[in-house]
Amino acid sequence: MKGTPRNKLLEISMIERQHTFKETTLTYDKDVAINEAKRCLNCKSAPCRQGCPVGVNIPLFISKIADSNFDSAVQVVKATNALPAVCGRVCPQSEQCEKLCVRGKNGSAVAIGCLERFLGDYAIDNGIYCAAVGANTLKAGHGSVAIIGSGPASLTCACECIQNGYKVVVFEALHALGGVLIYGIPEFRLPKRLVDAEIKSLVSLGVKFEINTLIGRSISFSDLRKRFDAVFIGTGAGLPNFMDIEGENLNGVYSANEYLTRVNLMKAYLDESDTPIMRARNVLVIGGGNVAFDSARTAMRLGSKSVVLAYRRTKDEIPARVEEVEQAEIEGVIISILSIPVKLLSDDNGNVRGAILKKCKLSEMDVRGRRSFEIIENTDYEIECDLVIVAIGTNPNPIVKECFSDLVTDSVGRVLVDQNNITNLPGVYAGGDAVTGAATVISAMGAGRSAAKSIARQLNGKYIN
Amino acid sequence: MYQIIAKRVCAPEVIEYVIYAPVIASSAAPGQFVMLRVDENGERVPFTICDFDRLKGSVTILVQTVGVSTYKLSLKNAGDDILDLAGPFGEATDLKNYSRILLVAGGIGVAVIYPQAKVLNSKDCKFDVILGVRNSQMLVYSNEIKILSDYLYITSDDGSVGIKGFVTDKIGELLNANQSHYDLVFAVGPPPMMRAVCEITKRFNIKTIVSLNSIMLDGTGMCGCCRVTIGGQVKYSCVHGPEFDGHLVDWNEVIFRSKRFNALEKEHYCKLRGL
Ligand SMILES: Cc1cc2nc3c(=O)[nH]c(=O)nc-3n(C[C@H](O)[C@H](O)[C@H](O)COP(=O)(O)OP(=O)(O)OC[C@H]3O[C@@H](n4cnc5c(N)ncnc54)[C@H](O)[C@@H]3O)c2cc1C
Ligand SMILES: Cc1cc2nc3c(=O)[nH]c(=O)nc-3n(C[C@H](O)[C@H](O)[C@H](O)COP(=O)(O)OP(=O)(O)OC[C@H]3O[C@@H](n4cnc5c(N)ncnc54)[C@H](O)[C@@H]3O)c2cc1C
Ligand code: FES
């Protein structure tokens, strides 16, 4: 049994992918999950756990799956990770837990992410929500917590705080809850019903949600601080970077955030949606992260004839999840490595009609241990495109820097915190992309949890561990 | 849900809505706007907060029916709910430190001018207003503004009210006569009008602020859909604006970008209305 290869997720057909936003892969059924769980060697040293940013007890939950003891497996995961259905789908497992899996050394790693996803879906289907403990075990803490933003950092912080018995109100600027999980990551990779289910469970525990409320404008930051004992800033890093090249403001040039928000949050791909989206023939996506791949795969589904993704380094450096890169290629996205756009071309009406790119080559390692790149001169080439999607990273929203008075941020607006997610202001905590810049769901969740611990310490409640 | 407390037709296709939104009313200031989503399929569309009442908890918007979202809104009546209303967004206007101001509004731009006029009046600031309309029927808030301002000039395309001509004709006349010593012109209306105003005021070297109607999506600074180039620098209308120094605006870009969804919007509108 232990020699068997890794169980792959079943995938939907190409036809379905081209015309719908249905989830591309299917969650394991029970038998496959048990079968995959039995591949785990249950190593004593459990290197996989070191790879997990929140230290989920991976061998334990896997052994419980192998024993068909799913409810108990769910409890193990949820003790450290409130959103397994989400993380099972979006965590970069091949760079984290699975990278360290002993089975991966010769053969294929245990599909830890797929097993986590299986448990997450099992939990939602069986009404075992975000909270690891039931409402009846809520602690009777005293105090109130305001949470700004509703992304994974905030949801995790809210979940912990409500369980500690505090009053919790989450303020979200948009009309929908979930942050990037709702407006950024597409339906075909993370079905929105999963996020909605987790939020419903928080509501049932007593968390209040105020949508359409931009802190700093609708309610001032100082008023919020007066009204609540503690404030958590989980405002993410939504401000898109542009390349600062000629032609970037032409019509048909979108930031990935605009493109994906139109599609995911506003459902522009549905006929009945009033929000317009450009359906282009030839699309150029710039970048190599999950955001770039999500944009490229979305453009494919909106009927584009060709989608080229230009990345300035090589495939080895692509930061996106391995599965996303594989799926994008299956779906027909052309990955053009070692390429960088230097100019976008206009037609007579201010619409983009093409791009000029240059070839690059890799050079030495940079400070973060990643290969840098150099542009090779006189390698210009032109491609035709009527839509360009810029996915080269984001920074924290300028509102935080401008409207959250006295809060200390760095030059690009990231909130400065100590290792316990405490800011320079008394009673104010921060975590997630607002602190780190664009990072991952799991690191945002870890930060939300760490901040909740600090909040509990401040409010003198007892932290459930 | 946000309830419409009152609805009033002010001119053909121009409707005033008073909406119950106490949080927005409590922090609103002139120059700011709301993002409105009529229903589940609705687009997020921006409208200037043209009045607010902190005691009643209401905000007022003045809306010209031009496409799907504004049409859907026009079907709502007093007592009905709007699904989402968020705000106030954008920077508030700062008209302190000027000794004599000329406010210029073309068409629905009066929605931006009206709250400014109220503030300026309460501060005892000297200011004149030019309202430009297509014809006499399209005149909105002119009585209120007449009372608030020192002088009100009206221009109309067909001469049915005020002077026949464009706002720019009147501005040229006032500045040439050099009788008024304006140290600020504040202009809002269709982009070509604002551009024309800026061309004149530049000749006279008078600082000019404009309010840009960029197409927006979230209104919170996370998509870049509303980006404009101001003095060579990219700015986001929704967080850094919507008001900018008119002499620094890249008008060609503003005008091109404002048209980018025209064909798609029209198609969807025709489908929705069975045209
Ligand atoms: C397209 C895309 C794909 C991604 N794919 C992956 C992936 O596969 N795996 C992975 O691990 N990570 C992925 N990420 C990154 C991940 O989604 C983020 O790191 C994570 O969501 C950060 O969470 P957060 O809670 O810090 O903030 P966010 O999720 O960004 O949420 C912040 C929320 O705060 C709200 N807000 C901001 N300012 C205010 C204010 N002043 N008042 C009220 N509300 C405010 C925003 O509207 C937003 O809803 C992806 C990101 C994108 C954009
Ligand atoms: C900060 C700001 C404040 C605004 N204040 C007001 C206001 O107080 N009253 C008001 O009636 N309108 C205002 N607008 C314009 C309003 O947002 C648009 O008229 C509205 O989005 C049109 O939506 P629609 O679906 O009905 O029309 P669409 O089908 O989207 O468009 C129909 C026509 O209107 C044009 N249009 C679309 N969006 C805009 C826009 N943002 N600005 C100008 N023209 C546009 C299109 O080019 C098209 O020709 C404001 C815009 C901004 C950015
Ligand atoms: S509308 Fe999205 S950034 Fe301004």
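Draft legend 1. Focus on the overall build of chain A. Helices and strands together make up the secondary structure of chain A, namely 18 helices and 18 strands. For chain A, whose C-alpha radius of gyration is 23 Å, the value lies close to the compact-globule estimate of 23 Å for 465 residues. C-alpha extents for chain A along the principal axes are approximately 65 × 60 × 50 Å. In chain A, the share of contacts with a sequence separation of at least 24, taken over all contacts with a separation of at least 6, comes to 69%. Accessible surface, chain A as shown: approximately 18500 Å² in total, 51% of it carbon and sulfur. Considering chain A, the positive charge centre built from 53 side chains and the negative charge centre built from 51 side chains are found 6 Å apart.

Draft legend 2. Examining the nonpolar core more closely. Counting residues in hydrophobic clusters, the biggest one holds 86 residues, and the most contacted among them are A:Ile58, A:Phe61, A:Ile62, A:Ile65, A:Leu115 and A:Ile455. In terms of residues, this core owes the most to one element, helix H18 (residues 441-459) of chain A, which gives nine residues. When residues of this core are sorted by domain, at least three fall in each of domain 1 (10-125) and domain 2 (135-238 + 395-459) of chain A. Apart from residues lying up to four places away in sequence, A:Ile455 is in contact with A:Val145, A:Cys157, A:Cys161, A:Ala230, A:Phe232 and A:Tyr429. In this structure, B:Phe127, B:Leu139, B:Ile145 and B:Phe186 belong to the second largest nonpolar core, which totals 34 residues.

Draft legend 3. The arrangement of the side chain of A:Glu36 in detail. All names here are of chain A. When you line up the elements, Glu36 lands in helix H2 (residues 30-37). Here the side chain of Glu36 touches Arg39 through a polar contact of 2.8 Å, side chain to side chain. Those residues within four positions of Glu36 in sequence are excluded, and the remaining contacts are Arg6, Asn7, Tyr28, Ala109, Val110, Ala111 and Leu115.

Draft legend 4. Molecular detail of the pattern of salt bridges. Residues and elements named next belong to chain A. Tallying each qualifying case throughout the model produces 37 salt bridges over all chains. Notably, a salt bridge pairs Glu160 with Arg449, separated by 2.7 Å at the nearest N-O pair. Pair noted here: Glu160 is in helix H9 (residues 152-163) and Arg449 is in helix H18, with a separation of 289 residues, a long-range link. The exposure classification of Glu160 matches that of Arg449, with both residues buried.

Draft legend 5. Summary view of the interface of chain B and chain A. Every contact between the two is made by 43 residues of chain B and, on the other side, 41 residues of chain A. Carbon and sulfur atoms make up 52% of the area that chain B and chain A hide from each other, which totals about 3500 Å². The largest contributions to the chain B side of the interface with chain A come from B:Leu217, B:Met222 and B:Arg227, which together make up 19% of the buried area. If you look at where chain B meets chain A, you find two salt bridges. With a closest N to O distance of 2.7 Å, A:Asp274 and B:Lys72 form a salt bridge. On inspection of chain B and its partner chain A, the count reaches 23 residue pairs in polar contact (both at pLDDT 80 or more).

Draft legend 6. The arrangement of the site of ligand 2 in detail. All names here are of chain B. Lining the immediate environment of ligand 2, one finds 22 residues, of which Pro46, Leu62, Gln64, Thr70 and Asn262 sit closest. In this structure, Gln64 approaches ligand 2 through a main-chain N or O atom, which is 2.8 Å from an oxygen atom. One of the backbone nitrogen or oxygen atoms of Ser214 is found 3.5 Å away from a nitrogen atom of ligand 2. If ligand 2 stood free it would expose 860 Å²; the protein chains cover 83% of that surface.

Draft legend 7. Region of interest: unusual backbone geometry. Cis peptide bonds are those with omega within 30 degrees of zero, and the linkage from B:Gly87 to B:Pro88 qualifies with -5°. Residue placement: B:Pro88 occurs in strand E8 (residues 84-89). The peptide bond linking B:Gly241 to B:Pro242 adopts the cis configuration, its omega dihedral lying at 10°. Tracing the backbone through its elements, the reader meets B:Pro242 in the loop between helix H7 (237-240) and strand E17 (243-245). Even without a glycine there, the phi angle at A:Ala46 is positive, about 40°. Here the phi dihedral of B:Glu13 falls at roughly 65°; this positive angle occurs in a residue that is not glycine. Mapped onto the secondary structure, B:Glu13 falls in the loop between strand E1 (2-11) and strand E2 (14-20).

Draft legend 8. Spotlight on the site of ligand 1. Residue and element names in this part refer to chain A. Near ligand 1, the surroundings consist of 34 residues, among which Val90, Ala153, Glu172, Arg189 and Asp433 are the closest. Within the contact set of ligand 1, an oxygen atom lies 2.8 Å away from a backbone nitrogen or oxygen of Asp433. Within the backbone of Val441, a nitrogen or oxygen atom sits 2.9 Å from an oxygen atom of ligand 1. If ligand 1 stood free it would expose 1000 Å²; the protein chains cover 96% of that surface. Counting residues per element, the ones that place at least two in the shell around ligand 1 are H9, helix H14 (290-301) and H18. Among the elements that make up the shell around ligand 1, the one with the highest residue count is H14 (three residues).

Draft legend 9. Quick peek at the domain arrangement of chain B. Residue and element names in this part refer to chain B. By the assigned domains, chain B splits into domain 1 (2-89) and domain 2 (100-211). In this structure, domain 1 and domain 2 have C-alpha centres spaced 24 Å apart. Contacts between the two partners involve 16 residues from domain 1, matched on the other side by 15 residues from domain 2. Both sides of the domain 1 and domain 2 interface together cover about 1200 Å² of buried area, and 65% of this is carbon and sulfur. The three residues of domain 1 that bury the most area against domain 2 are Pro30, Cys50 and Leu62, which together make up 38% of that side's buried surface. Counting across the domain 1 and domain 2 interface gives one salt bridge.

Draft legend 10. Molecular detail of the pairing of strand E11 (residues 151-156) of chain B. All names here are of chain B. Across six bridges, strand E10 (residues 126-133) lies against E11 in parallel orientation. Directly across from Val129, in E11, lies its bridge partner Leu152. Taken together, E10, helix H4 (residues 142-148) and E11 constitute a β-α-β crossover, and its handedness is right-handed. Of the strand pairs in this sheet, E11 and strand E12 (residues 163-164) are connected by two bridges, and their pairing is parallel. Counterpart to Ser156 in the pairing with E12 is Lys164.

Draft legend 11. View of the domain arrangement of chain A. All names here are of chain A. Each domain of chain A was delimited in the assignment, giving domain 1 (10-125), domain 2 (135-238 + 395-459) and domain 3 (242-392). Taken over C-alpha atoms, the centre of domain 1 sits 26 Å from the centre of domain 2. Each partner contributes residues to the interface: domain 1 has 22 residues there, and domain 2 has 16 residues. Between domain 1 and domain 2, a total of about 1800 Å² is buried, with carbon and sulfur atoms accounting for 74% of that surface. Counting the contacts that link domain 1 with domain 2 gives zero salt bridges. Summed over the shared surface of domain 1 and domain 2, the number is three residue pairs in polar contact (both at pLDDT 80 or more). Residue assignment for the side of domain 1 that touches domain 2 shows that the elements contributing at least two residues are helix H6 (84-90) and helix H8 (112-125). In terms of residue count, the dominant contributor to the side of domain 1 that touches domain 2 is H6 (five residues). Taken together, the residues of the side of domain 1 that touches domain 2 break down into 13 nonpolar, four polar and five charged.

Calculation criteria
Residues numbered from 1 in each chain as written. Chains lettered and ligands numbered in written order. Predicted model: local features only at pLDDT ≥ 70, side-chain atom pairs only at ≥ 80, totals over all residues. Heavy atoms only, no water. Helix = DSSP H or I, 4+ residues; strand = E, 2+ residues; numbered from the N terminus. Rg over C-alpha atoms; globule rule 2.2 N^0.38 Å. Contact = heavy atoms within 4.5 Å. Areas by Shrake-Rupley, 256 points an atom, 1.4 Å probe, with all protein chains shown as cover. Lys, Arg positive; Asp, Glu negative; His and termini not counted. Charge placed at Lys NZ, Arg CZ, Asp CG, Glu CD. Core = buried A, V, L, I, M, F, W, Y, C linked by side-chain atoms within 4.5 Å. Buried < 20%, exposed > 50% of the residue type's maximum accessible area, 1.4 Å probe, protein only. Domains from an automatic or database assignment. Polar contact = N/O pair within 3.5 Å; in protein donor to acceptor, adjacent residues only side chain to side chain. Salt bridge = Lys/Arg side-chain N within 4 Å of Asp/Glu carboxyl O. Buried area = accessible area lost by both parts, 1.4 Å probe. Near = heavy atom within 4 Å. Pairing = 2+ DSSP bridges. Right-handed = clockwise from strand over helix to strand, strands pointing away. Nonpolar A, V, L, I, M, F, W, Y, C, P; charged D, E, K, R; others polar.

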